[in-house]
Amino acid sequence: MSRRSFIRRRPFSTMLLVLLIVLLGWIWQERVALWAFPDIISAYTAKEYCSCRYVMNNPVEYCQSYVKQYLPTSGFVDDAANKRVTVGGMGRSNSAVWVGERQGCRLIP
């Protein structure tokens with residue numbers, strides 16, 4: 001009875017195992033950036049919509065199509081009286097407010 005190595009008996013399983021280990025290592029190395037990603041979606045949308053609407057004075061329909069993304073957003077609130085936009089996405093929510101003509105819009109906590 002001959003003994004062959006595990007790698008020779010199961011080359012595809014070995015390759016998948018190695019790829020899984022590499023993927024887990026990459027995820028661990030990038031964990032801070034991956035954790036911040038959900039905030040980026042709602043923050044980007046709120047800031048860009050605020051700038052489009054209140055700095056550039058574009059119509060609502062244009063600005064909504066301008067900030068549309070592949071990842072869904074929810075809880076979109078455009079408070080025109082206070083020039084404040086709140087957007088939710090991927091479980092996080094962010095707001096942007098118009099500060100002034102020279103400052104434009106900024107994210108608020």
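Everything numeric in this text was worked out from a predicted model, so none of it was measured.

Brief notes about helix H3 (residues 31–55)
Here is step 1: Between its first and last C-alpha atoms H3 spans 35 Å; for 25 residues at 1.5 Å apiece the expected length is 36 Å, and the two agree.
Here is step 2: The largest bend in H3 amounts to roughly 35° and is located at Pro38.
Here is step 3: Every buried residue of H3 is listed here: Pro38, Ile41, Ser42, Ala43, Thr45, Ala46, Tyr49, Cys50, Ser51, Cys52 and Tyr54.
Here is step 4: Tucked into the core, H3 has its buried residues touching helix H4 (60–66), strand S1 (74–79), strand S2 (84–89), strand S3 (92–100) and strand S4 (104–108).
Here is step 5: Of the residues flanking the end of H3, it is Asn57, one or two places downstream, whose phi is positive at about 55°.

Observations concerning the sheet that holds S4
Here is step 1: Pairing within the open sheet is antiparallel, and its four strands lie in the order S1-S2-S3-S4. Only two strands of the sheet have a single partner each, and these edge strands are S1 and S4. For this sheet, the mean angle separating the axes of adjacent strands, direction not counted, is 20°.
Here is step 2: Across six bridges, S2 lies against S3 in antiparallel orientation. By the bridge assignment, Gly89 is partnered in S3 with Arg92.
Here is step 3: Docked against the sheet, H3 engages S1, S2, S3 and S4, running at close to 30° with respect to S3.

Topic: the nonpolar core
Here is step 1: The biggest cluster of nonpolar side chains holds eleven residues, and these are Ala46, Tyr49, Cys50, Cys52, Tyr54, Cys63, Val67, Val85, Val87, Ala96 and Cys105.
Here is step 2: Elements with a minimum of two residues in this core: H3 and S2.
Here is step 3: Top contributing element to this core by residue count: H3, with five residues.
Here is step 4: Beyond its immediate stretch of four places on either side in the chain, Val85 contacts Ala46, Tyr49, Cys50, Tyr54, Phe76, Val77, Asp78, Asn94, Ser95 and Ala96.

Overview of the confidence of the model for the protein
Here is step 1: Residues with a pLDDT of 70 or more make up 94% of the protein, whose mean pLDDT is 89.
Here is step 2: Averaged over each element, pLDDT in the protein is lowest for helix H1 (residues 6–9) (74) and highest for S4 (95).

Observations concerning a nonpolar patch on the surface
Here is step 1: On the surface, Leu17, Leu20, Ile21, Leu23, Leu24, Trp26, Ile27 and Leu34 cluster together to form a nonpolar patch covering roughly 760 Å² of accessible area.
Here is step 2: Considering each element in turn, the nonpolar patch owes the most residues, seven residues, to helix H2 (residues 11–29).

What to know about the packing of aromatic side chains
Here is step 1: Under the defined criterion, the tally for this structure stands at two aromatic pairs.
Here is step 2: When the centroid spacing of 6.2 Å and the interplanar angle of 20° are considered together, the rings of Tyr62 and Tyr66 count as stacked. Placement of the pair is Tyr62 and Tyr66 together in helix H4, with a separation of four residues, close to one helical turn.
Here is step 3: When its relative accessible area of 43% is taken as the criterion, Tyr62 is described as partly exposed.
Here is step 4: Here the basic side chain of Arg31 rests over the ring of Trp28, its NZ or CZ set 4.0 Å away from the ring centre.
Here is step 5: Its guanidinium or amino end placed over the ring of Trp98, Lys83 lies 4.1 Å from that ring's centre, counting from NZ or CZ.

About the thresholds
Residues numbered from 1 in each chain as written. Predicted model: local features only at pLDDT ≥ 70, side-chain atom pairs only at ≥ 80, totals over all residues. Heavy atoms only, no water. Helix = DSSP H or I, 4+ residues; strand = E, 2+ residues; numbered from the N terminus. Expected span 1.5 Å × (residues − 1). Bend = angle between axes of the 7 residues up to and from the residue. Buried < 20%, exposed > 50% of the residue type's maximum accessible area, 1.4 Å probe, protein only. Contact = heavy atoms within 4.5 Å. Pairing = 2+ DSSP bridges. Axes fitted to C-alpha atoms, helices over the stretch in contact; angles between N-to-C directions. Core = buried A, V, L, I, M, F, W, Y, C linked by side-chain atoms within 4.5 Å. pLDDT = per-residue confidence, 0-100. Patch = residues over 30% accessible without salt bridge, like charges linked within 9 Å, V, L, I, M, F, W, Y side chains within 5 Å. Areas by Shrake-Rupley, 256 points an atom, 1.4 Å probe, with all protein chains shown as cover. Salt bridge = Lys/Arg side-chain N within 4 Å of Asp/Glu carboxyl O. Phe/Tyr/Trp six-rings, centres within 6.5 Å; stacked < 30°, edge-to-face > 60°. Lys NZ or Arg CZ within 6 Å of the ring centre and 35° of its normal.

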